[in-house]
Amino acid sequence: MATYASLVDVDDRDVQNAQELSSIWGEIRTEFEEHEAEVIDSYAILGEHDFLVLFDAGDRESAFKSALTLRRHGLSSQTMEIVDTDDFAHLVDEI
């Protein structure tokens with residue numbers, strides 16, 4: 001299973017208030033599970049983006065569907081596959 005990170009931005013036109021945003025996270029978690037993905041963690045962040053969502057997905061198709069789920073809920077995101085630094089170190093050692 002691969003791990004992905006999504007940098008998420010709230011589209012003010014689609015999300016009206018903090019309470020609505022809070023209810024969306026539960027729906028997102030459920031929909032991720034329907035796409036064979038699991039939200040590991042989510043964080044509100046300061047800076048260029050509003051949230052960071054970390055999730056595991058069984059394959060790239062599941063990751064794409066999960067990223068599209070965020071968009072469907074009025075959240076724009078940049079999603080990328082991430083690799084644990086220990087795993088990365090092993091890859092570098094093999095070269």
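Conventions and cut-offs
- Residues numbered from 1 in each chain as written.
- Predicted model: local features only at pLDDT ≥ 70, side-chain atom pairs only at ≥ 80, totals over all residues.
- Heavy atoms only, no water.
- Helix = DSSP H or I, 4+ residues; strand = E, 2+ residues; numbered from the N terminus.
- Contact = heavy atoms within 4.5 Å.
- Expected span 1.5 Å × (residues − 1).
- Polar contact = N/O pair within 3.5 Å; in protein donor to acceptor, adjacent residues only side chain to side chain.
- Salt bridge = Lys/Arg side-chain N within 4 Å of Asp/Glu carboxyl O.
- Buried < 20%, exposed > 50% of the residue type's maximum accessible area, 1.4 Å probe, protein only.

## Re the side chain of Thr69
And then number 1: Counting through the fold element by element, Thr69 comes out in helix α2 (residues 60-72).
And then number 2: Setting aside chain neighbours within four positions, we find Thr69 in contact with Glu31, Phe32 and His35.

## Overview of α2
And then number 1: The end-to-end C-alpha distance of α2, which contains 13 residues, comes to 18 Å, matching closely the 18 Å that a straight helix rising 1.5 Å per residue would cover.
And then number 2: With a side-chain oxygen lying 3.3 Å from the backbone nitrogen of Glu61, the N-terminal cap of α2 falls on Asp59.
And then number 3: Count one or two residues on from α2 and you reach Gly74, which has phi positive near 80 degrees.

## Notes on the pattern of salt bridges
Side-chain pairs of opposite charge can arise where the charged atoms are in close proximity.
And then number 1: In the structure shown here, the tally under the stated rule is two salt bridges.
And then number 2: Between Glu31 and Arg72 there is a salt bridge; the shortest N-O distance is 2.5 Å. You can see Glu31 sitting in helix α1 (residues 18-34) and its partner Arg72 sitting in helix α2, a full 41 residues away along the chain.
And then number 3: The buried category is assigned to Glu31, whose relative accessible area is 13%.
And then number 4: Look at Arg72 and you get exposed, because its relative accessible area is 58%.
And then number 5: Between Lys65 and Glu61 there is a salt bridge, and its shortest N-O distance comes to 3.0 Å. Of this pair, Lys65 and Glu61 both sit in helix α2, four residues apart, which is roughly one turn of that helix.
And then number 6: Residue Lys65 is classed as partly exposed on the basis of its relative accessible area of 37%.

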